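Here's the letter readout for the chains.
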Amino acid sequence: MTEIVCKITCNKCGHELQEKERVCPNCGSKKRTMHITAREELHIATSERLKIKDSQLPSNKKLRFDLIQGSVKSEITPNKRAKIKRVIDKNHDSYYEHVEDYDGTVLHHCEEPLSEHYGHGSAKKTSDNSHKPD
Ligand SMILES: [Zn+2]
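A quick note: this is a predicted structure, and the numbers were derived from the prediction, not measured. (Residues numbered from 1 in each chain as written. Predicted model: local features only at pLDDT ≥ 70, side-chain atom pairs only at ≥ 80, totals over all residues. Heavy atoms only, no water.)

Chemist: Account for the pattern of salt bridges, naming residues and giving values.
Modeler: The full count for this structure, using the stated rule, is 2 salt bridges. In this structure, Arg86 engages Asp66 in a salt bridge whose closest nitrogen and oxygen atoms are separated by 3.0 Å. Of this pair, Arg86 sits in strand S6 (residues 81-89) while Asp66 sits in strand S5 (residues 63-73); the two residues are 20 residues apart in sequence, bridging distant segments of the chain. Its relative accessible area of 0% is what places Asp66 among the buried residues. A salt bridge links Glu100 to Lys83; the nearest nitrogen and oxygen atoms lie 3.6 Å apart. Note that Glu100 is positioned in strand S7 (residues 94-101) and Lys83 in strand S6, a separation of 17 residues in sequence. For Lys83, a relative accessible area of 33% gives the class partly exposed. (Salt bridge = Lys/Arg side-chain N within 4 Å of Asp/Glu carboxyl O. Helix = DSSP H or I, 4+ residues; strand = E, 2+ residues; numbered from the N terminus. Buried < 20%, exposed > 50% of the residue type's maximum accessible area, 1.4 Å probe, protein only.)

Chemist: Which residues make up the environment of Leu17, and what are the values?
Modeler: Here Leu17 is to be found in strand S2 (residues 16-17). Looking at Leu17, the relative accessible area reads 5%, which means it is buried. Residues Leu17 and Arg32, spaced 15 residues apart in sequence, show a C-alpha to C-alpha distance of 8.2 Å. When neighbours within four sequence positions are excluded, Leu17 is seen to be in contact with Ile8, Thr9, Cys10, Cys24, Pro25 and Arg32. (Contact = heavy atoms within 4.5 Å.)

Written as structure tokens, this is what we have:
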């Protein structure tokens, strides 16, 4: 089952960055690469991220909605770029992940209740809380 892990690194020197670090503390570059590991490793070159938080909730449950959209270099189709969209919507118990190349070929598609997505996933612990159900 797909396990999603996000990692951000500096485009210039490869230093691993925290999400809140806008500038690389190592070399000062502002260019970042987001790596999403999901069955295959996807390197998102240009990405958008939208997070909606509910400040009334405890910190580990604040994140209600998490969207990532971008262009990736797919390792399934070498030298090809692909489009990825992943949406986690905790309020609607919804998980959506879609990867397709620019010819429209779907490389990966996953759409299911978030609780099920997590339920039959591996028990592997991850520091990324964003896709855990409450
Ligand atoms: Zn750097």
